[in-house]
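Each chain, written out:
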Amino acid sequence: MRVLVDQNRCQGYGQCVFAAPAVFRFRGVESLEYDHVPDAESDRAVERAALACPVQAITLGRGAEAGAGEVR
Ligand code: SF4
């Protein structure tokens, strides 16, 4: 699974960090960091994170590029 966060849309609510802390984390006060291609074992948590994001900033893809085969 590939992960892409629209940083222009992200408001730093942190729901994704709570849903998938192995993939999403804050660096500093509101700078979101994340794994672009997390391990498959994180797939369910990443899907929960995408659903939890209040501004739909997280795009998931199963293809070669994020956004391809979008699953949300
Ligand atoms: S849940 Fe959405 S808005 Fe909040 S930090 Fe994560 S990507 Fe950004």
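If you look the protein up in an unreviewed UniProt entry, it shows as Ferredoxin from Streptantibioticus ferralitis. What the UniProt record of the protein gives under Cofactor (unreviewed entry) is the line "[3Fe-4S] cluster". Of the comments in the UniProt record for the protein, the one headed Function (unreviewed entry) reads "Ferredoxins are iron-sulfur proteins that transfer electrons in a wide variety of metabolic reactions."

**Topic: the packing of aromatic side chains**
Under the criterion given, the structure shown has 1 aromatic pair. Note on Phe24 and Tyr34: the rings are 6.0 Å apart at their centroids and 25° apart in plane angle, and the pair reads as stacked. One end of the pair, Phe24, is in strand 2 (residues 24-27); the other, Tyr34, is in strand 3 (residues 31-34), and 10 residues separate them in sequence. Taking the relative accessible area as the measure of exposure, Tyr34 reaches 11% and is therefore buried.

Parameters and conventions
- Residues numbered from 1 in each chain as written.
- Predicted model: local features only at pLDDT ≥ 70, side-chain atom pairs only at ≥ 80, totals over all residues.
- Heavy atoms only, no water.
- UniProt positions renumbered as here; feature names shortened; annotations may be inferred.
- Phe/Tyr/Trp six-rings, centres within 6.5 Å; stacked < 30°, edge-to-face > 60°.
- Helix = DSSP H or I, 4+ residues; strand = E, 2+ residues; numbered from the N terminus.
- Buried < 20%, exposed > 50% of the residue type's maximum accessible area, 1.4 Å probe, protein only.

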